[in-house]
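The chain contents come next:
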Amino acid sequence: STLHLVLRLRGGGKVHGSLSRAGKVKGQTPKVTAMDKKKGITGRAKKREQYVRRFVNATAGFGGRRVGPNNNAARLEREAAAAAKAAEAK
């Protein structure tokens, strides 16, 4: 024979609020006109830029691992090194 077990949560059902509040945040956010953007590169040139960014300019980070683009500590170090190099060149 099969045993069917049904669990019901007390007061369950209403989880995400009523539909009368749908879109509240988007509706009250002020509209900001989009700024013009420079056209991105495509095709062979884009692949070349990716290669340069990933392999040519890549510096090994902690433990020999590659550091991602959102790592702020590594970014700050890179910017400081670039600033020092620019000051040296002057």
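Scroll up to find the structure this text is about.
Each chain carries its own residue numbering, running from 1 in the written order of its sequence. A pLDDT threshold of at least 70 governs which residues receive local features in this predicted model, and a stricter bar of 80 or more applies before side-chain atom pairs are shown or counted, although totals over entire chains, interfaces and linings include all residues. Water and hydrogen atoms were dropped before computing side-chain values, which therefore reflect all heavy atoms in the structure.

1. Observations regarding the overall build of the chain
Link 1 in the chain: Helix and strand content of the chain: three helices and zero strands.
Link 2 in the chain: Every helix listed is a DSSP run of H or I at least four residues long, and every strand listed is a run of E at least two residues long, numbered separately from the N terminus. Element order for the chain, N to C, with α for helix and β for strand: α-α-α.
Link 3 in the chain: When the 90 residues of the chain are sorted by exposure, 1% land in the buried category.
Link 4 in the chain: Only the protein chains shown count as cover for residues, with accessible areas throughout obtained via the Shrake-Rupley method and a probe of 1.4 Å. Accessible area for the chain stands at about 9,800 Å²; split by element, carbon and sulfur atoms hold 56% of it. For the exposure calls, accessible area comes from a 1.4 Å probe over protein chains only, and a residue counts as buried if that area is under 20% of its type's maximum, exposed if over 50%, partly exposed in between.

2. Some thoughts on the pattern of salt bridges
Link 1 in the chain: What counts as a salt bridge is simple: a side-chain nitrogen of Lys or Arg found within 4 Å of a carboxyl oxygen of Asp or Glu. A complete count under the given rule lists one salt bridge for this structure.
Link 2 in the chain: When the shortest N-O distance is used, the salt bridge between Arg53 and Glu49 registers 3.2 Å. With Arg53 and Glu49 both in helix H2 (residues 44-56) and four residues apart, this pair spans about one turn of that helix.
Link 3 in the chain: Given a relative accessible area of 40%, Glu49 falls into the partly exposed group.

3. Concerning the packing of aromatic side chains
Link 1 in the chain: Pairs were defined over the aromatic rings of Phe, Tyr and Trp, the Trp ring being its six-membered one, requiring ring centres within 6.5 Å. Orientation was assigned from the angle between planes: stacked under 30 degrees, edge-to-face over 60, tilted for the rest. Under the criterion given, the structure shown has one aromatic pair.
Link 2 in the chain: Consider the rings of Tyr51 and Phe55, whose centres lie 5.7 Å apart with planes at 45°: the pair is tilted. With Tyr51 and Phe55 both in helix H2 and four residues apart, the pair spans about one turn of that helix.

4. Overview of a nonpolar patch on the surface
Link 1 in the chain: A cluster of nonpolar side chains, Tyr51, Val52, Phe55 and Val56, forms an exposed patch at the surface whose accessible area comes to about 400 Å².
Link 2 in the chain: Residue classification places Phe55 among the exposed positions, given a relative accessible area of 59%. Residues enter patches when their relative accessible area tops 30% and they take part in no salt bridge; the joining distance is 9 Å for like charges and 5 Å for the nonpolar side chains Val, Leu, Ile, Met, Phe, Trp and Tyr.

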